[in-house]
Amino acid sequence: MNQRFRITRSMQENITEQAITLEECKDYFATKPDFTYTEVFTVKGTESTMSIKGDFFMWKHEDLEIPFRLYMGDIYVAVANEAVIPKMLEISSDLRADVVEG
């Protein structure tokens, strides 16, 4: 089972804008050549396919695409690969946010 993490500013008291906005994410991830934006994330299983609508920033790492999802002012990511951890920490630092489990 994958751990899920949240990149958030909700724990910061002295910040005027706690929510991470879609515009902020689009601007930030546009500077990252290994990320693409999509409004639908599709998961293909052996017997079915599921599509999830939302704001996803897909990280291309080797032969994997790992979704970072913006939802209600926070960015969520599951650690399915150890390479996600340093990338998640880089993003949280750049966005002046914290990382929490859940």
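Participant: Can you walk me through the pattern of salt bridges in this structure?
Facilitator: When their charged atoms lie close together, side chains carrying opposite charge are able to pair. Scanning the model with the defined rule gives six salt bridges in all. R9 is the salt-bridge partner of E24, the closest N and O atoms lying 2.3 Å from each other. One end of the pair, E24, is in helix α1 (residues 22-30); the other, R9, is in the loop between β1 (3-8) and α1, with 15 residues separating them in the sequence. Of the charged contacts, one joins D94 and K32 as a salt bridge, the two residues approaching to 3.7 Å between their closest N and O atoms. Within this pair, whereas D94 is found in helix α2 (residues 84-94), its partner K32 is found in the loop between α1 and β2 (35-44), the two being separated by 62 residues in sequence. D94 gets classed as partly exposed once you look at its relative accessible area, which sits at 37%. The exposure class of K32 is buried, given its relative accessible area of 18%. Here the residues in one salt-bridge network are K32, D34, K87, E90 and D94, joined through shared partners.

Participant: How should the side chain of H61 be read in this particular structure?
Facilitator: Inspection of the secondary structure assignment puts H61 in strand β3 (residues 49-61). Given a relative accessible area of 17%, H61 falls into the buried group. Filtering out sequence-adjacent residues up to four positions away, H61 remains in contact with N81 and A83.

Participant: Looking at this structure, how should I read the pairing of strand β4 (residues 64-71)?
Facilitator: When a strand is regular, its side chains alternate between the sheet's two faces. As paired strands, β3 and β4 are joined by seven bridges and run antiparallel to one another. What sits directly across from M58, in β4, is P67. Connecting the antiparallel pair β3 and β4 is a turn made up of two residues, with E62 showing a positive phi of about 55°. Examined bridge by bridge, β4 and strand β5 (residues 74-79) share three bridges and lie antiparallel to one another.

Participant: I would appreciate a short explanation of the packing of aromatic side chains in the present structure.
Facilitator: Each aromatic ring pair is characterised by the separation of its centres together with the angle its planes make. For the structure on display, the rule yields nine aromatic pairs. Consider the rings of Y28 and F29, whose centres lie 5.0 Å apart with planes at 75°: the pair is edge-to-face. What makes Y28 buried here is its relative accessible area of 11%. Measuring from centroid to centroid gives 5.4 Å for F41 and F56, while their planes differ by 35°, and the two rings are tilted. Taken as a pair, F41 in strand β2 and F56 in strand β3 lie far apart in primary sequence, 15 residues in all. On the basis of relative accessibility, which here comes to 3%, the residue F56 falls in the buried class. An aromatic cluster of three or more residues is present, and its members are Y28, F29, F35, Y37, F57, W59 and F68.

Participant: I keep staring at unusual backbone geometry and nothing clicks. Help me out?
Facilitator: The phi angle at M72 is positive, at roughly 50°, despite the residue not being glycine. For M72, the location among the structural elements is in the loop between β4 and β5. A positive phi angle, close to 55°, is found at R96, a residue other than glycine. Inspection of the secondary structure puts R96 in the loop between α2 and β6 (98-101).

Conventions we followed
Residues numbered from 1 in each chain as written. Predicted model: local features only at pLDDT ≥ 70, side-chain atom pairs only at ≥ 80, totals over all residues. Heavy atoms only, no water. Salt bridge = Lys/Arg side-chain N within 4 Å of Asp/Glu carboxyl O. Helix = DSSP H or I, 4+ residues; strand = E, 2+ residues; numbered from the N terminus. Buried < 20%, exposed > 50% of the residue type's maximum accessible area, 1.4 Å probe, protein only. Contact = heavy atoms within 4.5 Å. Pairing = 2+ DSSP bridges. Phe/Tyr/Trp six-rings, centres within 6.5 Å; stacked < 30°, edge-to-face > 60°.

Without other data, these values stay purely geometric and don't point to any function.
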